[in-house]
Each structure stands twice: as structure tokens, then as C-alpha cells.
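Notes for the structure review
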Amino acid sequence: MNENRKRRILIVDDEVTICKLLQITLSPVYETMGAHSADDALMAIQDFHPDVIISDIKMPGKDGFWLINSIQERSSKIPVIFITGHGNKRTAVESLRLGAFDFIEKPFDHDVILARVEKAILKIELEESLESAQDQIIFQGKLASIGEVSASMVHEVTNPLGIIFSLAQKIESLDGKSESYESEVRSCTEKIIKAYDRANKIIDSFKHFSRYESNDPFETMVVKDVVSDSLLLCESRFFCQGIEFSTVGGSPELKFDCRGISISQILLNLFNNACDALEGLDEKWVKVIIEDGGELVNISVIDSGKGISDSCREKILNPFFTTKAPGRGTGLGLSISKKIAENHGGDLEIDDDCSNTKFILTIPKTQSEVSS
Ligand SMILES: Nc1ncnc2c1ncn2[C@@H]1O[C@H](COP(=O)(O)OP(=O)(O)O)[C@@H](O)[C@H]1O
Ligand SMILES: [Mg+2]
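Definitions and cut-offs
- Residues numbered from 1 in each chain as written.
- Chains lettered and ligands numbered in written order.
- Predicted model: local features only at pLDDT ≥ 70, side-chain atom pairs only at ≥ 80, totals over all residues.
- Helix = DSSP H or I, 4+ residues; strand = E, 2+ residues; numbered from the N terminus.
- Rg over C-alpha atoms; globule rule 2.2 N^0.38 Å.
- Buried ≥ 20, exposed ≤ 12 C-beta atoms within 10 Å, placed from the backbone.
- Contact = placed C-beta atoms within 7 Å.
- Arc of directions from axis to C-beta.
- Near = placed C-beta within 6 Å.
- Nonpolar A, V, L, I, M, F, W, Y, C, P; charged D, E, K, R; others polar.
- Core = buried A, V, L, I, M, F, W, Y, C linked by C-beta atoms within 7 Å.
- Pairing = 2+ DSSP bridges.
- Axes fitted to C-alpha atoms, helices over the stretch in contact; angles between N-to-C directions.

Brief notes about the overall build of the chain
- Counting secondary structure elements, the chain contains ten helices and twelve strands.
- Here the C-alpha radius of gyration of the chain, 28 Å, is well above what a compact globule of 372 residues would show, namely 21 Å.
- Its C-alpha atoms give the chain principal-axis dimensions of about 100 × 55 × 40 Å.
- Looking at the 372 residues of the chain, the share that counts as buried comes to 29%.
- Within the chain, counting contacts between residues at least 6 apart in sequence, those at least 24 apart form 67% of the total.

With respect to helix α1 (residues 16-26)
- Among the residues of α1, those classed as buried are C19, L22, T25 and L26. On an axial view of α1, the arc spanned by its buried residues comes to 130°, and they lie on one face. Exposed side of α1, more than 90 degrees from the buried face: V16, T17 and I24 are the residues found there.
- Of the surrounding secondary structure, the elements contacted by the buried residues of α1 are β1 (8-12), β2 (31-35), β3 (52-56) and α5 (110-173).

A closer look at the site of ligand 1
- With respect to spatial proximity, 21 residues lie near ligand 1, and among them N273, T322, G329, G333 and L334 are the closest.
- Going through the elements one at a time, α8 (260-278) and α10 (333-343) are the ones with two or more residues in the shell around ligand 1.
- With four residues, α8 is the single largest residue contributor to the shell around ligand 1.
- Grouping the amino acids of the shell around ligand 1 by side-chain chemistry returns eight nonpolar, eleven polar and two charged.

Quick notes on the nonpolar core
- Counting residues in each nonpolar core, the largest one holds 37 residues, and the members touching the most others are I266, L267, L270, F271, A274, V301 and L361.
- Counting residues per element, this core draws most heavily on α8, which supplies ten residues.
- The residues contacting L361, other than those within four sequence positions of it, are I266, I299, A341, G346 and L348.
- Core analysis: the second largest hydrophobic core is formed by 29 residues, L26, I57, L67 and F82 among them.

Quick look at the sheet that holds strand β10 (residues 296-303)
- What the five strands build is an open sheet, ordered β7-β9-β10-β12-β11; its pairing is mixed. Both edges of this open sheet fall to β7 (244-249) and β11 (347-350), since each of them pairs with a single strand only. Along the sheet, successive strands turn relative to each other by an average axial angle of 15°, direction set aside.
- The sheet contact formed by strand β9 (residues 285-293) and β10 spans eight bridges and is antiparallel. In the strand pairing of β10, E291 is matched with N298.
- Of the strands in this sheet, β7, β9 and β10 touch helix α7 (residues 223-240), which is tilted by about 170° from β9.
- The sheet strands contacting α8 are β9, β10, β11 and β12 (357-364), and the helix crosses β10 at an angle near 20°.

A look at the sheet that holds β1
- Spatial strand order, β2-β1-β3-β4-β5: five strands in an open sheet with parallel pairing. Only two strands of the sheet have a single neighbouring strand rather than two, namely β2 and β5 (102-105). Each adjacent strand pair in this sheet contributes to an overall mean axis angle of 20°, direction not counted.
- Examined bridge by bridge, β3 and strand β4 (residues 80-84) share four bridges and lie parallel to one another. Across the sheet, I54 pairs through a bridge with I81, a residue of β4.
- Running over the sheet, helix α2 (residues 38-48) touches β1, β2 and β3 and is turned about 165° from β1.
- Set on the sheet, α5 makes contact with β1, β3, β4 and β5; between it and β5 the angle comes to about 175°.

Shown next as C-alpha cells:
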């Protein structure tokens with residue numbers, strides 16, 4: 001949140017005087033707004049973006065319980081403090097059971113109101129700092145996975161540079177008077193442009209992937225495109241290690257709402273892990289299977305490795321669990337990947353029934369808020 005912005009409190013009560021009274025109490029510290037029905041409150045949430053809501057329970061028409069239910073249905077985490085009649089313990093308990101943050105008894109005490117609101121704000125601040133710490137960890141994880149592919153990526157970019165250099169030398173050495181001069185130059189420049197495009201594509205995907213996107217809106221994307229964008233970052237590592245890569249399924253019509261870079265982060269983690277697991281093996285392949293699972297999209301990443309031992313299986317999704325040498329593994333890849341999948345309303349699991357090593361990423365096709 002912008003640190004200079006005052007926190008906002010929405011007060012919902014059909015009695016105009018109570019609304020005004022609460023606004024007077026809170027306005028020296030907070031920005032306040034009044035709403036006189038549950039419907040008005042829902043509209044005010046969209047325009048005013050309150051941090052905390054104080055609401056009466058009994059209102060003509062839709063009551064406070066309906067309001068909290070509607071807020072929760074919208075997956076909003078705004079804390080709601082209910083106003084209850086003095087001594088009405090049952091209603092107070094019921095409101096807490098329904099997910100209210102707290103309650104204030106009538107008649108109001110000025111200091112109690114301020115203290116309860118302060119407590120709700122503290123909760124929000126704690127949640128915000130936790131979220132930002134999580135974002136930082138996810139970002140660090142992304143940098144770590146970039147580190148894992150960087151050596152082969154440097155190789156991949158140096159290659160076209162070498163090609164460009166030798167083609168330029170070739171053009172320089174051509175006999176300008178020979179009959180084939182023009183066609184030879186054209187052939188060289190075509191190859192130079194191709195090599196440049198390849199290097200540029202890799203650098204672009206690298207720059208794109210390194211962006212910080214935790215607050216980016218969800219976008220509707222073709223599943224197969226997200227997989228191939230992710231592959232671009234790891235292709236050189238597969239190539240250098242002699243790993244055969246294939247993708248099965250995923251028609252151009254199969255789309256999902258996602259933060260593309262985050263999904264690439266998951267896939268890159270899975271690809272990097274597969275590369276590590278296949279080191280020194282004779283049979284080396286990685287297969288991605290894209291499936292339409294109705295409301296979900298399933299992306300499976302399978303490798304020809306020896307699988308995961310029973311003793312590791314339960315721990316590998318835990319943060320900091322690694323079987324790799326110090327400096328090679330952080331033990332964060334899979335736990336961060338699972339967190340990203342959960343942030344999409346999906347999941348990342350190991351398939352115990354597969355004889356190879358198989359991870360299944362499940363992502364819902366639709367998200368409630370998508371940028372157009
Ligand atoms: N494809 C795989 N095959 C075998 N073991 C794997 C595979 N993917 C992950 N693992 C195991 O899970 C552990 C945790 O993976 P991860 O969270 O990505 O951290 P890191 O790669 O830094 O060790 C790895 O150290 C490895 O033991
Ligand atoms: Mg890893």
C-alpha cells in the first residue's frame with residue numbers, strides 16, 4: 001500500500017446518526033465513508049477500497065451476515081467488525097463464527113472503537129508484510145533458477161555471435177568480381193539475420209522472465225505457448241546435456257488465465273530438476289504432456305530419471321529440502337512452485353503411480369479477475 005495514504009474505513013449502518021457518530025470518531029485518523037445498506041456497502045467496496053469495514057448486523061433488507069458472506073464470496077480479505085447490541089452474546093459469537101474479525105457492543109466507547117480498528121489495521125499490515133516477504137522469496141527463487149540455466153544460456157547466445165563473426169569474415173574474403181558474389185553475400189546475410197534472431201529471442205525471454213510480476217493481472221494465454229516460452233530458457237541446457245525433449249497435446253484453443261512468467265518459473269524449476277536428475281544417465285528424455293481437464297488444465301512434466309525415493313517423496317515439497325551439493329541446490333524450487341500454483345488456485349503434485357518421475361501441475365482455466 002502507498003504509505004502516505006490514510007487507511008480507509010467503511011461504516012455500514014441504516015441509522016444515519018450512528019454512521020455519522022462513528023465517522024466523527026474515526027475521521028481524525030482514518031479516511032471514512034458511510035453506507036446505509038448492505039447493497040450500498042458492496043458498491044462502496046468497489047469504489048472506496050476500504051481497509052476495514054464496521055457494519056451493523058440488523059439492517060432492513062439484507063443484513064450484516066449477508067454482507068460478510070458476499071465479501072467472502074469475492075475472496076476479499078477485508079476485516080469486518082460487527083456492531084452488536086449490548087449483552088447480545090449469541091449474535092456476537094455467531095458473527096465471529098461467520099468470519100468477522102471482531103465486534104463492538106453498543107453503546108460505543110470512543111477508545112474501544114479506535115482500539116478495535118487499530119487491531120484490524122495491524123492484522124492487515126502483518127498480512128501485507130508476509131505477502132511481500134513471500135514475493136521476495138519467489139523472486140529470489142526465480143533468480144536462482146536463472147542461475148541454474150545461465151551457463152548454458154551464455155553458450156547459446158555466444159554460439160550465434162560466433163556464427164555472425166565467421167559469416168562476416170566470409171563476406172570479407174569473397175571475391176567481389178566473381179559471378180556468385182551477390183548470391184553468396186545474400187546467403188550469408190540471411191544466416192546472419194537468423195543467428196541474430198535466435199540470440200535476440202533468448203535474450204528477450206531472459207529479460208521477460210527476470211521481470212518482477214507478483215502483482216501483474218492474470219492474462220488469458222495459450223497453454224502450449226507458455227510451455228514453449230519456458231522451454232526457450234532451458235532448451236540450451238537440454239541440448240548441452242543431450243536430453244531429448246518433447247511436448248504432447250495442447251491444442252492452440254486450450255487456454256488458461258495465468259501469470260505467464262510465474263507458470264514459466266514453475267516449469268523452469270521442473271526442467272532444471274529433471275536436468276539434474278538425468279546427469280550421468282544413459283537414457284535421457286523429458287516429456288511435457290498438456291491435457292484439457294474440463295475446468296482445469298493439467299501440465300505434466302515427466303523425466304526418464306530413476307524417480308524419487310520413498311524417503312525423499314514426503315519431503316521434497318518442503319522448503320529447503322535438497323539432495324544437491326551446497327551451491328547447487330537451494331531446496332526452494334518445488335516449494336515455491338507449489339506456492340505459485342496455489343496462488344493460481346491450482347496445485348503441484350508428484351504422481352506416485354508413474355514408473356518415471358512425474359510432476360503434475362494443475363491450473364484452473366479461469367480466474368475471476370483477468371486483464372483484457
Ligand atoms: N525430477 C526429479 N527427479 C529426482 N529428484 C527430484 C526431481 N525434482 C526434484 N527432486 C528432488 O527434490 C529436491 C528438491 O527440489 P527443489 O525444491 O527444486 O530444490 P533443489 O533443486 O534446489 O534441490 C531435489 O534436491 C531432489 O532431491
Ligand atoms: Mg530445483
